[in-house]
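# Geometric and topological summary
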Amino acid sequence: MTMAATSKDPHNAREIARVVLLGARIARREARGKPVKRLNNEVDRIRERAQAREDAKRKK
């Protein structure tokens, strides 16, 4: 079972690290004028999964 990194943030440490890494990749690609939609979609999926997991915990 994964645990949220903070009480105010639904992301666990692994998800936070992944989002930060993707953010760095997005910044580099944008600076080079390359498309970043796929990476932005991955960040959105990570956030949605984390929020859904925390919402499910709160309903119990």
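Everything below is about the structure printed above this text.
What counts, and at which threshold
- Residues numbered from 1 in each chain as written.
- Predicted model: local features only at pLDDT ≥ 70, side-chain atom pairs only at ≥ 80, totals over all residues.
- Heavy atoms only, no water.
- Core = buried A, V, L, I, M, F, W, Y, C linked by side-chain atoms within 4.5 Å.
- Buried < 20%, exposed > 50% of the residue type's maximum accessible area, 1.4 Å probe, protein only.
- Helix = DSSP H or I, 4+ residues; strand = E, 2+ residues; numbered from the N terminus.
- Contact = heavy atoms within 4.5 Å.
- Polar contact = N/O pair within 3.5 Å; in protein donor to acceptor, adjacent residues only side chain to side chain.
- Salt bridge = Lys/Arg side-chain N within 4 Å of Asp/Glu carboxyl O.
- Expected span 1.5 Å × (residues − 1).
- Arc of directions from axis to C-beta.

As a further point, take the nonpolar core. By size, the foremost hydrophobic cluster in this structure holds seven residues: Val19, Leu22, Ile26, Val36, Leu39, Val43 and Ile46. Only helix H1 (13-31) and helix H2 (37-59) provide two or more residues apiece to this core. Contact partners of Val43, with chain neighbours within four places excluded, come to Val19, Leu22 and Ile26.

This part is about the environment of Ile26. Within the fold, Ile26 resides in helix H1. The exposure class of Ile26 is buried, given its relative accessible area of 10%. Considering only alpha carbons, one finds Ile26 and Val36, ten residues apart in sequence, at a separation of 5.9 Å. With sequence-adjacent residues up to four places away left out, Ile26 is seen in contact with Val36, Leu39, Asn40 and Val43.

The next point concerns the side chain of Glu15. Here Glu15 shows up in helix H1. A polar atom in the side chain of Glu15 sits 2.9 Å from the side chain of Arg53. When neighbours within four sequence positions are excluded, Glu15 is seen to be in contact with Pro10, Ile46, Ala50 and Arg53.

If charged atoms from side chains of opposite charge come close, those side chains can pair. Scanning the model with the defined rule gives five salt bridges in all. A salt bridge links Glu15 to Arg53; the nearest nitrogen and oxygen atoms lie 2.9 Å apart. Of this pair, Glu15 sits in helix H1 while Arg53 is found in helix H2, placing the two residues 38 residues apart along the sequence. By relative accessible area, Glu15 is classed as buried at 12%.

Bringing the environment of His11 into the picture now. Checked against the element boundaries, His11 lands in the segment before H1. Through-space distance from the C-alpha of His11 to that of Arg47 is 7.3 Å; in sequence the pair is 36 residues apart.

This next bit is on H1. If you check H1, its first and last C-alpha atoms are 27 Å apart, about what 19 residues at 1.5 Å a residue would give, namely 27 Å. Among the residues of H1, Glu15, Val19, Leu22 and Ile26 are the ones counted as buried. For H1, the angular spread of the buried residues around the axis is 65 degrees, confining them to a single face. Among the exposed residues of H1, those pointing more than 90 degrees away from its buried face are Ala13, Arg14, Val20 and Ala31. Those residues of H1 that are buried are in contact with H2.

Honestly, it's all geometry; don't read function into it.
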